[in-house]
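Letter by letter, the chains look like this.
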Amino acid sequence: MRKAIVLLVLMACAWTQLQAQQKFNDRPKLVVGIVVDQMRWDYLSRYYDQFGEDGFRRLLDKGYSFNNCLINYLPTITAIGHTSAYTGTSPAFHGICGNTFYIDGRKTYCCSDENVSPVGSDNTKAGCMSPVNLLSTTIGDQLRLHTDFRSKVIGVSYKDRAAILPAGRSGNAAYWLDTKNRQFITSTYYMKELPAWAREFNKELAKDKEFKKVGKDVGLYPLTGHITTGMAIAALDGEKLGQGDETDMLCVSYSQTDVIGHKYGTRGDHTDEAYLELDKDLARLFKALDEKVGKGNYLAFLTADHGAAHNNQFMQDHKFAAGKWLSNDLRAELEKYIASKLGNTQNVIIGIVDYRFYLDHDGIAAQGLELQSVKDVAIEYLRKSPNIAFVVDFEKAASSPIPPVIRERILMGYHFHRSGDIIICLEPGYYEVGAWSSPIGTTHGEWNPYDAHIPLLFYGWKVPHGESPLEVHITDIAPTVCSLMKIQQPNGCSGVPLKFD
């Protein structure tokens, strides 16, 4: 009898230990990351009554919303936002300092890679892409490391950078739309040929009557969201994501909202249509996830890479302080001013990108000038320029007499080899306008809430319903997802795991 009791106790202890082990190792079958390009946080409430029950409102009514999620670096740009959400850190560590930036004086597109070739297209301009410039790991990278690379990680988007950077360095695949050939493509960084399911999707896409009607700039149409959703579901089916022994990850980014916003602004029929159609796309995606993976078996999060300012003329028409910053005009005047002060005969600025000034270090030295002298003169001029609130020498940012909220974001966005020399912040309501700008459209890039306040919604596996007004950051997304899965955070992570209180 005593032996039987001892045996029962031992069995009970073993069972308890097994249950605890299973609980600690418990993970969702699939993680789904969704980024909506240029989505302001207040769009959630603006369109709430017009949303259906199974798209955004599924996330809001049944998931958890962090209502004060901010971007905690400068500048607030697409490639940086996508990368920061998935790496849990900022340009200071992950090195993606913009869509385009200079690396030690060499102009570089964030995903360009001359050592790879397109797959699924002969368009080298669209297809020679990879995460080669990404310096830190992502959620997906850590997941693959944790499972000895048995997990699958796939990125899908209209934009190459929005598919590639979230999927990370070790992603199994990233697919983006070649607008010239109107097909989803990838590069030899990932594979030698498209899988059969992707070829079949492209074949059906070529037959799409609505797709044939639109012009080359397909990003201006909600149709792009429909196509992106279709490709994501095709990847879900074709790769059997969430149906194996290990957790997989699907990274989906909707870019049409950004293209439409730049063209038409934050108000009007085009933007309204974009978000209401996107709501239907999300419902379609969630339905596929429910059917293929199962409700409660997947963890989803939705955020944005940045927000957007209201159109400056719209704001002026309603008596708000707002206006244009003409960077090209200022650049010419600044070059003249520096030459008048220092006597140089050659230009010293190689580029102005996202409110950052890149100086020609080699050219400055060749003319016998001191780099610091050039920076000091440039800063002197910029501080006298209208509608510029702050001018900061990156290397002196830590001791610069500017508000801490600005200083910290400048430091988090600064990479010594990639961010240039000087950064400016404009007065509220002002933004850069150039020949590429639409008179009724908008843009982004600054620290202000309209650019930096973004949605952050979690839904599904082990996520309670609720909301929080506390300040959190885009860099907190990755450590939160990794913490829920009990895997290591990305290797450059500077964010903290969030609690669902």
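The present account deals with the structure reproduced in this document.

## What about the overall build of the chain?
Helix and strand counts for the chain stand at 20 helices and 19 strands. In terms of C-alpha radius of gyration, the chain reaches 24 Å, essentially the compact-globule figure of 23 Å for 501 residues. In terms of overall dimensions, the chain has a C-alpha envelope of 100 × 60 × 50 Å along the principal axes. For the chain, the residues scored as buried account for 60% of the 501 residues in total. Long-range pairs, those at least 24 residues apart, make up 73% of the contacts in the chain between residues at least 6 apart in sequence.

## Description of the sheet that holds strand 14 (residues 388–393)
As summarised here, the arrangement of the 4 strands in space is 12-13-15-14, forming an open sheet in which the pairing is antiparallel. The open sheet is flanked by strand 12 (349–353) and strand 14, the only strands paired with a single partner. Looking at each pair of strands side by side, their axes are set apart by 20° on average, direction ignored. Across 4 bridges, the pairing between strand 12 and strand 13 (residues 356–359) is antiparallel. Its bridge partner lying in strand 13, Ile-349 is registered against Leu-359. Across the sheet, helix 17 (residues 371–384) lies against strand 13, strand 14 and strand 15 (422–426), angled at about 175° from strand 14, the strand it touches most.

## A word on the environment of Ile-440
With respect to the helices, strands and loops of the structure, Ile-440 is situated in the loop between strand 16 (430–432) and helix 19 (449–452). Ile-440 sits in the partly exposed class, given a relative accessible area of 48%. Expressed as a C-alpha distance, the spacing of Ile-440 and Gly-265, which sit 175 residues apart in the sequence, is 5.9 Å. With residues up to four places along the chain from it excluded, the contact list for Ile-440 reads Lys-263, Tyr-264, Gly-265 and Asn-311.

## Observations regarding the pattern of salt bridges
For the structure shown, the criterion picks out 18 salt bridges. A salt bridge links Lys-462 to Asp-26; the nearest nitrogen and oxygen atoms lie 3.4 Å apart. Of this pair, Lys-462 sits in the loop between strand 18 (456–460) and strand 19 (466–473) while Asp-26 sits in the loop between helix 1 (2–25) and strand 1 (30–36), and the two are 436 residues apart along the sequence. We classify Lys-462 as partly exposed; its relative accessible area is 47%. What makes Asp-26 partly exposed here is its relative accessible area of 32%. Note that Lys-336 is salt-bridged to Glu-333, the shortest N-O span being 3.9 Å. Here Lys-336 pairs with Glu-333, and both are found in helix 15 (residues 327–342), just 3 residues apart, close to one helical turn. Taken together, the shared-partner salt bridges in this structure form one network comprising Asp-37, Lys-159 and Asp-258.

## So, the pairing of strand 12
With 4 of 5 residues buried, strand 12 is to be regarded as a mostly interior element. Counted along the chain from strand 12 to the antiparallel partner strand 13, the turn is 2 residues long, and its residue Asp-354 has a positive phi close to 55°.

## Let's talk about the side chain of Arg-40
Structurally, Arg-40 is set in the loop between strand 1 and helix 2 (43–46). Judged by relative accessible area, Arg-40 falls into the buried class, the value being 8%. A distance of 2.9 Å separates the side chain of Arg-40 from the side chain of Asp-42, its partner in a polar contact. Engagement of the side chain of Arg-40 in a polar contact is seen with the backbone oxygen of Ala-308, the distance being 2.8 Å. Apart from the residues within four sequence positions on either side, Arg-40 is in contact with Thr-266, Gly-307, Ala-308, Ala-309, His-310, Tyr-450, His-453 and Pro-455.

## Description of helix 20 (residues 477–485)
Most of helix 20 is tucked away, with 8 of its 9 residues classed as buried. By the burial criterion, the buried members of helix 20 are Ile-477, Ala-478, Pro-479, Thr-480, Val-481, Cys-482, Leu-484 and Met-485. Packing partners of the buried residues in helix 20 comprise strand 1, helix 4 (78–87), helix 7 (139–146), strand 10 (298–303), strand 18 and strand 19. In the stretch just after helix 20, Lys-486 is the one whose phi turns positive, near 60°.

## Here's the deal with the side chain of Asp-305
Here Asp-305 shows up in the loop between strand 10 and helix 14 (312–317). Of the buried charged residues, Asp-305 lacks a salt bridge, with Lys-159 as the closest side chain of opposite charge at 5.5 Å. At 3.3 Å, the side chain of Asp-305 forms a polar contact with the side chain of Thr-78. In this view, Asp-305 contacts Val-35, Val-36, Asp-37, Gln-38, Ile-71, Tyr-73, Ile-77, Thr-78, Gly-81 and His-82; residues no more than four positions away in its chain are not counted.

## Digging into the packing of aromatic side chains
Each aromatic ring pair is summarised here by two numbers: the centre-to-centre distance and the angle between the ring planes. For the structure on display, the rule yields 21 aromatic pairs. Between the aromatic rings of Phe-66 and Phe-458, the centroid separation amounts to 6.1 Å while the plane-to-plane angle is 85°, which identifies the pairing as edge-to-face. Taken together, the residues Phe-66 in strand 2 (residues 64–70) and Phe-458 in strand 18 connect sequence positions 392 residues apart. Each member of the pair Phe-66 and Phe-458 is classed as buried.

## Observations regarding the pairing of strand 10
Most of strand 10 is tucked away, with 6 of its 6 residues classed as buried. Burial of the side chains of strand 10 extends over both faces: Tyr-298, Ala-300 and Leu-302 are buried on one face and Leu-299, Phe-301 and Thr-303 on the other. Where strand 1 and strand 10 come together, 6 bridges link them in parallel fashion. When the sheet's bridge partners are listed, Val-31 is paired in strand 10 with Leu-299. Relative to strand 18, strand 10 runs antiparallel, the two sharing 5 bridges. What sits directly across from Thr-303, in strand 18, is Leu-456.

Rules and cut-offs
- Residues numbered from 1 in each chain as written.
- Predicted model: local features only at pLDDT ≥ 70, side-chain atom pairs only at ≥ 80, totals over all residues.
- Heavy atoms only, no water.
- Helix = DSSP H or I, 4+ residues; strand = E, 2+ residues; numbered from the N terminus.
- Rg over C-alpha atoms; globule rule 2.2 N^0.38 Å.
- Buried < 20%, exposed > 50% of the residue type's maximum accessible area, 1.4 Å probe, protein only.
- Contact = heavy atoms within 4.5 Å.
- Pairing = 2+ DSSP bridges.
- Axes fitted to C-alpha atoms, helices over the stretch in contact; angles between N-to-C directions.
- Salt bridge = Lys/Arg side-chain N within 4 Å of Asp/Glu carboxyl O.
- Polar contact = N/O pair within 3.5 Å; in protein donor to acceptor, adjacent residues only side chain to side chain.
- Lys, Arg positive; Asp, Glu negative; His and termini not counted.
- Phe/Tyr/Trp six-rings, centres within 6.5 Å; stacked < 30°, edge-to-face > 60°.

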